[in-house]
Amino acid sequence: MRYTLIFLAFTSILFSQEYNKFDEQGKRHGLWKGYFEESKRPRYEGTFEHGKEIGLFKYFDDTKAGTVIATRQFNEKDNSCYTIFYNQKGNKVSEGNVVNKLFEGEWKYYHEDSPQIMTIEFYINGKLNGIRKVFYKSGKIAEETTYKNGIKEGLYKKYTEEGIVLEESIYKNDVYDGIATYRDPSGKIESQGMYKNGKKSGIWKFWKGEKVLTQNMDKQGKKFKKRVKPLSE
């Protein structure tokens, strides 16, 4: 009995040494497993090579099931890792590249519990740049917003699922600035005018059937209010 206990204890020590080890410089090396502080359930597992993450890392939720909610595939040549986030059902929520803990390049977001892409974004050093696209579940384009260094800068368009442009406007420094046109779902223009620093400015035109009404917005002092509700994402 005594020898059995000694053998079991020795085996346990050997097993415990299979992961969470350090190299001679005190850096993480080999397989590592992290645990949630309170529940002691697995939080992540992955491999280090002298302090640097390599290969695939898996991250788990704090439940008995231990569902994988994220993975990171580390690139040995640079500081990047391709990251995928999942929901509790195992469906993708979003995916893209991370460099030095910042989003970089193309990121994709998915409709809930669906393989259909909902949004495509492009990042440079963690900031949105280029055209951010939002799609209907059918795959048809719903919105296009131009970004520069993390703020809206340039053309914005909103579409119906049939391809009608409901809104076409311009942003400057994250606010409306420039000409804007609004249409109804049939494609007929409802209103058109200029914005200046986020406010309607100058003469605006409003179509009421065959009639065109005009209004000098400089005398109104009204801030912009969207005529069309934003797409639910």
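Not measured: the values here are computed from a predicted model.

Conventions adopted
Residues numbered from 1 in each chain as written. Predicted model: local features only at pLDDT ≥ 70, side-chain atom pairs only at ≥ 80, totals over all residues. Heavy atoms only, no water. Helix = DSSP H or I, 4+ residues; strand = E, 2+ residues; numbered from the N terminus. Buried < 20%, exposed > 50% of the residue type's maximum accessible area, 1.4 Å probe, protein only. Polar contact = N/O pair within 3.5 Å; in protein donor to acceptor, adjacent residues only side chain to side chain. Contact = heavy atoms within 4.5 Å. Phe/Tyr/Trp six-rings, centres within 6.5 Å; stacked < 30°, edge-to-face > 60°. Pairing = 2+ DSSP bridges.

Let us now look at the side chain of Thr181. Mapped onto the fold, Thr181 is located in strand β16 (residues 178-183). Residue classification places Thr181 among the buried positions, given a relative accessible area of 8%. Here the side chain of Thr181 touches Gln192 through a polar contact of 2.8 Å, side chain to side chain. When neighbours within four sequence positions are excluded, Thr181 is seen to be in contact with Leu166, Glu167, Glu168, Ile189, Ser191 and Gln192.

This model, assessed by the stated rule, comprises 16 aromatic pairs. Geometrically, the ring pair formed by Phe22 and Trp32 is edge-to-face, given 5.1 Å between the ring centres and 80° between the ring planes. One end of the pair, Phe22, is in strand β1 (residues 21-22); the other, Trp32, is in strand β2 (residues 28-35), and 10 residues separate them in sequence. Measuring from centroid to centroid gives 6.3 Å for Trp32 and Phe48, while their planes differ by 75°, and the two rings are edge-to-face.

Relative to the helices and strands, Glu121 is located in strand β9 (residues 117-124). Looking at Glu121, its side chain comes within polar contact range of the side chain of Tyr109, at 3.3 Å. A polar contact of 2.7 Å, which involves the side chain of Glu121, links it to the side chain of Arg132.

With a phi angle near 55°, Asn173 is a residue other than glycine that sits in the positive phi range. Tracing the backbone through its elements, the reader meets Asn173 in the loop between β14 (165-172) and β15 (175-176). Note on Asn173: relative accessible area 55%, which makes it exposed. A positive phi angle is found at Asn197, which is not glycine, with a value near 55°.

The next thing to look at is the pairing of strand β12 (residues 141-148). Along β12, six of the eight residues are buried, which leaves the element largely enclosed by surrounding structure. As paired elements, strand β11 (residues 130-135) and β12 share six bridges and run antiparallel to each other. Looking across to β12, one finds that Arg132 is bridged to Thr145. Hairpin connection, β11 to β12: the antiparallel pair is bridged by five residues, and Gly139 has positive phi, about 100°. Looking at chain direction, β12 and strand β13 (residues 151-159) are connected through five bridges and run antiparallel. Note on β13: the bridge partner recorded for Lys148 is Ile151.

On any regular strand, side chains alternate: one points to one face of the sheet, the next to the other face. The pairing of strand β3 (residues 42-49) with strand β4 (residues 52-60) spans five bridges and is antiparallel. Following the sheet pairing, Thr47 is matched in β4 by Ile54. Connecting β3 to the antiparallel partner β4 that follows it, the hairpin turn spans two residues, and His50 within it adopts a positive phi of roughly 50°. Pairing of β4 with strand β5 (residues 68-74) involves six bridges; the strand directions are antiparallel. Looking across to β5, one finds that Gly55 is bridged to Phe74.

Okay, the environment of Glu121 next. On the basis of relative accessible area, Glu121 is assigned to the buried category, the value being 7%. With 15 residues separating them in the primary sequence, Glu121 and Glu106 have C-alpha atoms 5.7 Å apart. If near-sequence neighbours (up to four positions away) are discounted, Glu121 is found in contact with Gly105, Glu106, Trp107, Tyr109, Leu128 and Arg132. A distance of 2.5 Å separates a polar atom in the side chain of Glu121 from a polar atom in the side chain of Tyr123.

The values are spatial; any link to function lies outside them.
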